[in-house]
Structures are given as C-alpha cells and as structure tokens.
Amino acid sequence: MKDKRVCIGKIVAAHGIKGEVKVLSYTLNGADIDKYGEAENFAKTRKFNIKVVGSSKGSYRVKIKGIDNRNDAETLVGTELYVARDVLPKLEDDEYYFSDLIGLKVCLKTKENEIGKVVCFDDFGAGTIMEIKLNNQKETEMLPFTMEYVPTINLKEGYIIVSSATMVFAADDEEN
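Colleague: How would you sum up the environment of D34? Please name residues and give values.
Modeller: Tracing the backbone through its elements, the reader meets D34 in the loop between β2 (20-25) and β3 (39-40). D34 sits in the buried class, given a relative accessible area of 13%. A sequence separation of 29 residues divides D34 from K63, and the C-alpha atoms of the two residues are 10.0 Å apart. Non-local contacts of D34, meaning those with residues more than four positions away in its chain, are made with I50, K51 and V52.

Colleague: With reference to specific residues and values, describe the sheet that holds strand β12 (residues 152-154).
Modeller: Strand order across the open sheet formed by 6 strands is β11-β10-β9-β8-β13-β12, with mixed pairing between neighbours. The open sheet terminates on both sides in strands that have one partner only, identified here as β11 (140-144) and β12. Adjacent strand axes in the sheet meet at a mean angle of 35° when their direction is disregarded. The pairing of strand β9 (residues 114-123) with strand β10 (residues 128-134) spans 7 bridges and is classified as antiparallel. Its bridge partner lying in β10, V118 is registered against I132.

Parameters and conventions
Residues numbered from 1 in each chain as written. Predicted model: local features only at pLDDT ≥ 70, side-chain atom pairs only at ≥ 80, totals over all residues. Heavy atoms only, no water. Helix = DSSP H or I, 4+ residues; strand = E, 2+ residues; numbered from the N terminus. Buried < 20%, exposed > 50% of the residue type's maximum accessible area, 1.4 Å probe, protein only. Contact = heavy atoms within 4.5 Å. Pairing = 2+ DSSP bridges. Axes fitted to C-alpha atoms, helices over the stretch in contact; angles between N-to-C directions.

Structure, rendered in structure tokens:
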C-alpha cells in the first residue's frame, strides 16, 4: 500500500453565503463522506471537521467547522479530502480503492504488452472513467472502468489489463 490515507472526496465549489461547500464524494455511499472522522488535505497542513447538510446536482453540500462565509469557502475549492485508510470499511478480495490503482502499469490484452500507467479516475456522471498516460506520448486515454474494458486487476504484481484502447487502435487503423 502506497499511502495510509485515502482520498474520499474533493471540494468543487462554494455554496451560498454561510460557508458551505459542494463536495464530490468518492465514498461508496456519497452521503457517508462525513462518517469517517476528521479529514485532511493532501499536504496534511489542514484538518477539516465536515458535516453533510444536503445534496446538490451530483455533489453533497458540506459544512466545515470554522468556515463561516463564502470567501473562506472559495479558498478551499480544489482541496481533496483524505482520511486514514484504517477508518474505512474492510474491502473484499475483488474491491479496490482508486488510490491503490493509480500508478499501476496498464497492459493491452496481455501483461507483456504495456501501454502506459493509470493516472486518475473521474466520474462525469455516466460512470467511472480510468485515465491512462500512454507510454512515449503526451496524450492520455480514457476508458470506462468496467469489467468489459478492465477485465484484470493484479495489485500484487502491479498491473491492469485493458481489453481495448482507442488511441492504440487508431494508430493501427492508419497503417491499413
């Protein structure tokens, strides 16, 4: 395990004038983001006592103790919220935290055919997307994070197998 902390959400906007923020929750049940105790920023320089007070268009309205006006709330936009891994529920054998997958090798169809590394996961509303930094290229590839596209995850050996990658296939198509 790379880090003993897990990112459980990200502050994406200020909400209203009383210091509430909108948080994109990465927890299984998004409303549970405040159930894991005090959160901290990536740099471990600030701690946040958070309380979910509502939901708003795919995110959660959160009140942070000590943040009482919009100006203070706006300074937190972009802040990722981390908690200690040991306060989270125990995972089953086939479950993973996204933070454990970031940096893994990505291989196309077989583990010998490495095409890049996992750089992040996003959810724009239609399901989780895995972003891959392709080897020797500036571009990244985005694939749906589903069993169809990502049939194999091997944390122990440090790789993920994907069933397709359109940029790789697009290059093959140009040769034909």
